[in-house]
Amino acid sequence: MLEVHQFPCLSDNYGYLLHDPVSGDTACIDTPDAEAYLREAGHKGWQITQIWNTHWHPDHAGGNAAIKAATGCTVIASAAEADRTAAVDRFVSPGDVVQLGDFEAQVIDVGGHTLGHIAYHLPGASMAFVGDSLFALGCGRMFEGTPEQFWTSLSRLKALPAETLVYCAHEYTASNARFAVHADPDNADLASYAARVAALRAEGKPTVPTTLAREFKANPFLRADDPAMQARWGHPGDAVATFAALRGAKDTF
Amino acid sequence: MRFRSFLDPPARTAPWVAIGAMLAMPVIARWPEMTRLPALVLGVPLAMTGAAMALARMIWTINKTALTDGGPMLPDPGELNSGPMRTRWFNLYGYDRRLFLLMLALIAELGLLGGGDAPHEAGLWLWCAAVYLIGAANYTRTPPPEPAGTGENPNA
């Protein structure tokens, strides 16, 4: 059974250490803060052997060099962002598989936030590390991609099993919930989800990980193919246009 | 950012190159005729490397400005400089203090070797080393803390 150690770092990032107790291997999922990762791994008594980058942004890959220098680990990152990610040993592309002990993680193309953004899906552990592509009740800002690309990426995540635990990279859920309620005000599942988020945040607890099942019902960006959402946002039968409208509205919300 | 793979190594080794330049200076001043060609062969690429580093830094700054309209930053050339530059002792307003001290030492050395009366080969060597050091210092500059994001959650 894989163990996930989740801890906050920087202003609103989550750091993740993924540990296989059988092999002793440990992977850092992104590296927002090298010191925090090394400290947390030390506290757990885990030896970092790999880094899995989701995309090139410094709050995701900025600690690669320092962690690699301290541990000698192998750094894995998106081949499509080879010229923007530092200290990488192995570049991977969608469809590739990375290994942690006996567990396999499939590399999924989730471009849109950045062009070469990838996610790591571990079917054997029912979890996915999605970086900034998908958030609880939201999705990443579309810095580099197009609505078509981003919607296709989200559709790939939608195709994963509903019970998949989704580990996103930021604690943005409370503000995402405010937009989600604005975007989809009649959604009862969303209303109860938003109430639970408010309660968790009031106690200072994380709202991540979430599950795909929960997001399917409440995340407006994943529901751009829902006829009711499409009608509400003025693009019946057009998921991409609905997604684009939602994304544009969120940018200025 | 492919330029990083070419420019990071000379930027990181700049202090050692500067010490090498200091050691070479008396030899050049003592035997200018003999050392003219080797000094040019080494000095000109050194200066060009420095200019390239300064130019790369300028390009990065322009790109950063273009891409930071609400978005995250491009990787800073100085950001992954995990060596001494990250320590307070060597940090002079974000620049590598050692490079400036070494440049001052080079100037002082030329002064000791005769200043304006020293062979012009030595002066040219100083100029080449200075361009290189200034370029390296600029390239490896540690950026100041970034302002807060433009929104409540800039990545979403």
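Residues numbered from 1 in each chain as written. Chains lettered and ligands numbered in written order. Predicted model: local features only at pLDDT ≥ 70, side-chain atom pairs only at ≥ 80, totals over all residues. Heavy atoms only, no water.

Here we come to the overall build of chain A. Each helix and strand counted, chain A has nine helices and 14 strands in total. Among the 253 residues that make up chain A, the fraction classed as buried is 56%. Looking at chain A alone, contacts between residues at least 24 apart form 59% of all its contacts between residues at least 6 apart. When the accessible surface of chain A is split by element, carbon and sulfur atoms take 53% of a total near 9,300 Å². (Helix = DSSP H or I, 4+ residues; strand = E, 2+ residues; numbered from the N terminus. Buried < 20%, exposed > 50% of the residue type's maximum accessible area, 1.4 Å probe, protein only. Contact = heavy atoms within 4.5 Å. Areas by Shrake-Rupley, 256 points an atom, 1.4 Å probe, with all protein chains shown as cover.)

On to the overall build of chain B, then. Of regular secondary structure, chain B possesses five helices and two strands. Mapped in sequence order, the helices and strands of chain B form the string α-α-α-β-β-α-α. Considering only intrachain contacts with a sequence separation of at least 6, the fraction spanning at least 24 residues in chain B is 77%.

Residues and elements named next belong to chain B. Over its 16 residues, helix α4 (residues 97-112) extends 23 Å from the first C-alpha to the last, a length consistent with the 22 Å expected when each residue adds 1.5 Å. Looking at α4, one finds that the buried residues are Leu 99, Leu 102, Met 103, Leu 106, Glu 109 and Leu 110. Down the axis of α4, the buried set is contained in an arc of 120 degrees. They therefore lie on one face. Turned more than 90 degrees away from the buried face of α4, the exposed residues are Leu 101, Leu 104 and Leu 112. Residues of α4 that are buried sit in contact with α2 (14-30), β2 (95-96) and α5 (120-139). (Expected span 1.5 Å × (residues − 1). Arc of directions from axis to C-beta.)

Right, let's talk about the environment of Asp184(A) for a bit. Residues and elements named next belong to chain A. Topologically, Asp 184 is positioned in the loop between α5 (173-183) and α6 (188-202). Residues Asp 184 and Trp 233, 49 residues apart in the sequence, show an inter-C-alpha distance of 9.5 Å. Not counting the four nearest positions on each side in its chain, Asp 184 is found in contact with Leu 190, Arg 223, Met 229 and Arg 232.

Residue and element names in this part refer to chain A. Reading across the sheet, the six strands line up as β1-β2-β3-β4-β5-β6 and stay open at both edges, with mixed pairing between neighbours. If you trace the sheet from one side to the other, it starts and ends with β1 (3-9) and β6 (90-92), each paired once. The sheet shows a mean angle of 25 degrees between the axes of neighbouring strands, taken without regard to direction. Together, β1, β2 (13-19), β3 (25-29) and β4 (47-52) form the strand contacts of helix α1 (residues 34-44), whose direction differs from that of β1 by roughly 140 degrees. (Pairing = 2+ DSSP bridges. Axes fitted to C-alpha atoms, helices over the stretch in contact; angles between N-to-C directions.)

Detailed reading of the predicted coordinates is not advisable wherever pLDDT is low. All names here are of chain B. Residues of chain B with pLDDT of at least 70 account for 73%, and the chain-wide mean is 79. Note on residues 67-74: pLDDT under 50 across the span, and 22 contacts to partners over four residues away in sequence or across chains. Counting interchain partners and residues more than four positions distant, the pLDDT-below-50 stretch residues 82-86 has 13 contacts. (pLDDT = per-residue confidence, 0-100.)

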